[in-house]
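Next come the chains, spelled out residue by residue.
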Protein chains: 2
Amino acid sequence: MGKSLKILGKLSIVSIGLLLSVAAQKPKEPVYPKAPSEILAEAPKSAWLEISPENIVIFTLKDGTSFTIELASEFTPIHASNVRKLVRAGWFDSAAIVRVQDNYVVQWGRPEGTPIPDGIVAKPPAEYDWQFRANKFTPLGFRDAYARQAGYLGTWPAATNNTKAWLTHCYGMIGVGRDMAPDTGTGGELYTVIGHAPRHLDRNITLVGRVLSGMENLTARPRGTGQLGFYENPNQQIGFSSAKIAADLPAAEKPKYQALNPKSTTFRSWLHAKANRGGPFFILPARAIDICNAQVPTRLTPN
Amino acid sequence: MGKSLKILGKLSIVSIGLLLSVAAQKPKEPVYPKAPSEILAEAPKSAWLEISPENIVIFTLKDGTSFTIELASEFTPIHASNVRKLVRAGWFDSAAIVRVQDNYVVQWGRPEGTPIPDGIVAKPPAEYDWQFRANKFTPLGFRDAYARQAGYLGTWPAATNNTKAWLTHCYGMIGVGRDMAPDTGTGGELYTVIGHAPRHLDRNITLVGRVLSGMENLTARPRGTGQLGFYENPNQQIGFSSAKIAADLPAAEKPKYQALNPKSTTFRSWLHAKANRGGPFFILPARAIDICNAQVPTRLTPN
């Protein structure tokens, strides 16, 4: 929010020992805690988990832009499998972005009534929540506005009431559009969150994944002027040219991604730094963080 | 998130009495609670507060689009007065959108070093928080991830630790860009939040207002590819053609806006309906709501 590029802490840091010794000399240069980005940059390779290429889907639009998503197969296997089969059957090759509702969602799919390909589960059960198991849940460690506790299921933003646990509708999470009944979403129509987390949708819709890259190719689209942000004219829709599973691509074209392990030391340091911003710009650290401001970092796997 | 336009509750409702009598007849048609939009549509005139035309600023861009903001004069009088004076001195007539950072902010202003007009407070004090007064604070009534309590100061989203109270960085709120020192933001550089609420900025930056309309003319812009989302090339910037205070416009051109009174019965009903979504689509109501999903409704004043 600074007036210039100067605002991100360039001055770096520092062990407690150095801090004390510098303090003893009454320094003119203040010392600051490490920025979250600095902590990430120093993460050991072992802190990063490789994302399976079976779970990575690359969507390319007719305007040449693209975006890449990760499927949450571990949690929503039936819907993730449907999406994978739809991709391989060419369903999304003629899909389009049909809806952009400001501060809410971007939605893409095929016209209602398009026959679904063979092999797709036509009425998948709701994959909204699961039995809570403390050893499978990494607590955020800060209050949540919606649930008893927020945290992570695997590398995914989640919440729990200590009986059930579920994925949360954070920015960039991908849900399965459906009609009124919970079993009416095949995965042929997807949306991603582009505003303040609509957490009232948690446990009401299957969250099947998240955007890994190219989010700006979804968010910077004209908002639809129809009801719920649908494009009123079909010619406003943005067509797709292809969708591919990373696992199906030749090695040279296969994008590789990693997610930071929420159980790693780096992750805890990063989270602490995010919740306690220091540096020359911040006057008062929040000493708290919302789960949707603490989504697990992901990155292209370095060579 | 429905696959069609059907998802917003069209079936309406209903007193407890009717609910019971219908239930006794084993109805085929389910009955649903009123949707938030239905409650708003039925609000009496007395529930709406007129926004002062001195606090309404209309920004017009060179591409012919515009957006309108409300200044939070009651809470940040020095910065609001600066913005008003800058508008009247023509400062924003040659401003530009210089930064669009995905899931964060859109920022506009003049090049650093542009001399500020006479009459502007060059080093306004931080207007970040104020003494908490229970009778001036309308509680949200649900947990907050960042503060002891969330709620409203006047019609503005706010939080408190029961000692101080402050405005919160919700979607569409407008902040004053500054350098490292708190008194370095004149109001000549402004930003608005376009993603999940960056609440860690609360009490670190002066929030001077909110967007009343035209938000989509800020959010649907190409993201900047420079550091922090700044446009790398000046020719990517989107120039302004004018900024005007509503109070200065002839009656026929003067936009009029209202905000719902958070102390009204309509507001409490609306908030309850938002926190407890019913209707044919929702399976499990959240029974909670985050302050940034419960911003006070505003509207053009009906004729």
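K.L.:
Before we go on, may I ask you to explain the interface of chain A and chain B in this structure?
P.N.:
Across the boundary between the two partners, chain A contributes 64 residues, which contact 64 residues of chain B. Summed over both partners, the interface of chain A with chain B buries about 6000 Å², with 59% contributed by carbon and sulfur atoms. Here chain A is connected to chain B by 0 salt bridges. Counting across the interface, chain A meets chain B through 27 residue pairs in polar contact (both at pLDDT 80 or more).

K.L.:
Please explain the pairing of strand β13 (residues 207-213) of chain B as it appears in this structure.
P.N.:
Residue and element names in this part refer to chain B. A large share of β13 lies buried, amounting to 6 of its 7 residues. Examined bridge by bridge, strand β3 (residues 66-71) and β13 share 4 bridges and lie antiparallel to one another. Note on β13: the bridge partner recorded for L71 is G209. Strand direction decides the pairing type here: strand β11 (residues 173-176) and β13, joined by 3 bridges, are antiparallel. Bridged to M173 within β13 is R210.

K.L.:
Any chance you could explain the sheet that holds strand β7 (residues 137-139) of chain A here in plain terms?
P.N.:
In any sheet, the strands associate via hydrogen bonds between backbone groups, in a parallel or an antiparallel arrangement. Residues and elements named next belong to chain A. A sheet is described by the order of its strands in space; here 5 strands give the open sequence β6-β10-β9-β8-β7, paired in antiparallel fashion. The open sheet has two edge strands, β6 (130-131) and β7, and neither has a second partner. With 3 bridges joining them, β7 and strand β8 (residues 149-153) adopt antiparallel strand pairing. Note on β8: the bridge partner recorded for T138 is Y152.

K.L.:
Please clarify how the sheet that holds strand β15 (residues 257-260) of chain A should be interpreted in this entry.
P.N.:
Residues and elements named next belong to chain A. An order of β1-β15-β16 is seen for the 3 strands of this open sheet, with the pairing classed as antiparallel. Only two strands of the sheet have a single neighbouring strand rather than two, namely β1 (48-50) and β16 (298-300). Each adjacent strand pair in this sheet contributes to an overall mean axis angle of 35°, direction not counted. As judged from the 3 bridges shared by β15 and β16, these two strands associate in the antiparallel manner.

K.L.:
Can you help me understand unusual backbone geometry in this one?
P.N.:
A negative phi holds for most residues other than glycine; trans holds for most peptide bonds. Residue and element names in this part refer to chain B. Its identity is not glycine, yet N103 carries a phi of approximately 60°, on the positive side. If you trace the backbone, N103 turns up in the loop between β4 (96-101) and β5 (105-109). Taking relative accessible area as the criterion, N103 reaches 23% and is therefore assigned partly exposed. Here R203, not a glycine, exhibits a phi torsion of approximately 65°, which is positive. Mapping R203 onto the fold places it in the loop between β12 (190-193) and β13. Residue classification places R203 among the buried positions, given a relative accessible area of 16%.

K.L.:
How do you make sense of a positive patch on the surface when you look at a structure like this?
P.N.:
Residues and elements named next belong to chain A. A cluster of like positive charges, contributed by R133, K136, K263 and R268, occupies part of the molecular surface. You can see K136 is positioned in the loop between β6 and β7. Since its relative accessible area comes to 57%, K136 is described here as exposed.

K.L.:
Please clarify how the environment of B:I120 should be interpreted in this entry.
P.N.:
All names here are of chain B. Its location among the elements puts I120 in the loop between β5 and β6 (130-131). Residues I120 and E54, 66 residues apart in the sequence, show an inter-C-alpha distance of 17 Å. With near-sequence residues (within four places) excluded, I120 lies in contact with N82, K85, L86 and T186.

K.L.:
Help me understand helix α3 (residues 77-88) of chain A, please; the structure alone is not making it clear to me.
P.N.:
In an α-helix, one turn spans 3.6 residues, which is why side chains three or four residues apart end up on the same side. All names here are of chain A. The end-to-end C-alpha distance of α3, which contains 12 residues, comes to 16 Å, matching closely the 16 Å that a straight helix rising 1.5 Å per residue would cover. Turning to α3, its buried residues are H79, A80, N82, V83, R84, L86 and V87. Contacts from the buried residues of α3 go to β2 (56-61), β3 (66-71), β11 (173-176), β12 (190-193), β13 (207-213) and β14 (238-245).

K.L.:
Looking at this model, I keep getting lost on the state of the cysteines. Mind explaining?
P.N.:
Among covalent bonds in proteins, the disulfide is the one between the sulfur atoms of two cysteines. All names here are of chain A. Tallying each qualifying case throughout the model produces 2 disulfides over all chains. Put simply, C170 and C292 are joined by a disulfide, and their sulfur atoms are 2.0 Å apart. Handedness here is read from the sign of the S-S torsion; for C170 and C292, about -75°, the answer is left-handed. Taken as a pair, C170 in the loop between β10 (164-167) and β11 and C292 in the loop between α5 (265-275) and β16 lie far apart in primary sequence, 122 residues in all. With a relative accessible area of 0%, C170 lands in the buried category. Of the residues examined, C292 reaches a relative accessible area of 4% and is grouped as buried.

Cut-offs and rules
Residues numbered from 1 in each chain as written. Chains lettered and ligands numbered in written order. Predicted model: local features only at pLDDT ≥ 70, side-chain atom pairs only at ≥ 80, totals over all residues. Heavy atoms only, no water. Contact = heavy atoms within 4.5 Å. Buried area = accessible area lost by both parts, 1.4 Å probe. Salt bridge = Lys/Arg side-chain N within 4 Å of Asp/Glu carboxyl O. Polar contact = N/O pair within 3.5 Å; in protein donor to acceptor, adjacent residues only side chain to side chain. Buried < 20%, exposed > 50% of the residue type's maximum accessible area, 1.4 Å probe, protein only. Helix = DSSP H or I, 4+ residues; strand = E, 2+ residues; numbered from the N terminus. Pairing = 2+ DSSP bridges. Axes fitted to C-alpha atoms, helices over the stretch in contact; angles between N-to-C directions. Patch = residues over 30% accessible without salt bridge, like charges linked within 9 Å, V, L, I, M, F, W, Y side chains within 5 Å. Areas by Shrake-Rupley, 256 points an atom, 1.4 Å probe, with all protein chains shown as cover. Lys, Arg positive; Asp, Glu negative; His and termini not counted. Charge placed at Lys NZ, Arg CZ, Asp CG, Glu CD. Expected span 1.5 Å × (residues − 1). Disulfide = S-S within 2.5 Å.

Structural measurements only, silent on function.
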